[in-house]
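Structural characterization, general
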Amino acid sequence: QIVDAATGKPVSGVLVALRPQPQRVLTAADGRFVFTDLPPGPYTIVATRRGYVEGASGRRRPGGTSQPVTLTADDRSGDVVVRIWKTAVITGVATDETGDPIVGAQLRALERRTVAGQSRFTAAGAPAFTDDRGVYRFSDLPPGEYLVATIAPRPAMTRSVYRTIAT
C-alpha cells in the first residue's frame, strides 16, 4: 500500500514500479497495488506521483535510502507499506529598504542539509523571479528547512527569509 507519509492515509493513482522487473501498476482508491507471479529474489518498490516526492520500500524520509523486499519461494503475498511525501511551496514578497517591491529579482531556495555532522545549504530546484508586485514562488520542494536568498536587479538592501516547511 502507498500512503502519505504525513497523514498515513492511502494515496490513489500512484505509479508503482518493481525493480529490477519491468512491471508497473497504478494504485487503487485504497492505495493498494499488486504484482503477481514473481520469482524469488530481492525487489525494490518505487512509488511516484505528481505533487509528491518519490517513495521507495523501506524509505523513512524524503531522499533517504531504500530497502529491498526479499521474496522467498514460500512467500505467497507480502504487506509492504511505502511512504510518499507531498511536495511543498514557498512564496513571499521581496522588498527593498523602503518597503517597495523588487521587480525582476532572482531568488534561490537553499535547503538546509546535514553533511558529515555539519549544517550546509544547497540549491533546491530552479531559481524563481519576482513579478511586478515583488511576489515569488518556489514549488515542488521536498519537505525541509530552507533559506531564500535574493539577488536584486538594482542596488538595494534585500531581505532573506528563513522558512520551515512542515513534513
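Up top is the structure these notes are about.
Residues numbered from 1 in each chain as written. Predicted model: local features only at pLDDT ≥ 70, side-chain atom pairs only at ≥ 80, totals over all residues. Heavy atoms only, no water.

**Brief notes about the packing of aromatic side chains**
Test applied: Paired rings are identified among Phe, Tyr and Trp, the last through its six-membered ring, by centres lying within 6.5 Å, and are further divided according to the angle between planes into stacked (under 30 degrees), edge-to-face (over 60) and tilted (the rest). Here the term buried applies to any residue with accessible area under 20% of the maximum for its type, exposed to any over 50%, and partly exposed to those in between, with areas from a 1.4 Å probe on protein chains only.
One pass over the full model with this rule turns up 2 aromatic pairs. Where Phe-33 meets Phe-35, the ring centres are 5.8 Å apart and the plane angle is 65°; that geometry is what we call edge-to-face. Note on accessibility: Phe-33 and Phe-35 belong to one class, buried. Ring centres of Tyr-136 and Phe-138 lie 6.0 Å apart, and the angle between their planes is 65°; this geometry places the pair in the edge-to-face category. The buried category is assigned to Tyr-136, whose relative accessible area is 3%.

**Brief notes about the nonpolar core**
Keep this limit in mind: Grouping buried Ala, Val, Leu, Ile, Met, Phe, Trp, Tyr and Cys residues that are joined through side-chain atoms within 4.5 Å yields what is termed a nonpolar core. Think of it this way: any DSSP run of H or I at least four residues long counts as a helix, any run of E at least two long counts as a strand, and we number them from the N terminus. Note on contacts: a residue pair is in contact if any heavy atoms of the two residues lie within 4.5 Å.
Membership of the largest hydrophobic core comes to 13 residues, with the highest contact counts inside it found for Ile-2, Val-14, Val-16 and Ile-84. At the level of elements, β2 (15-19), β4 (41-48) and β8 (82-86) are the ones that each hand at least two residues to this core. Those residues in contact with Ile-2 that lie beyond four places of it in its chain are Lys-9, Pro-10, Val-11, Val-14, Val-16, Thr-27, Gly-31, Phe-33, Ala-47, Val-82 and Ile-84.

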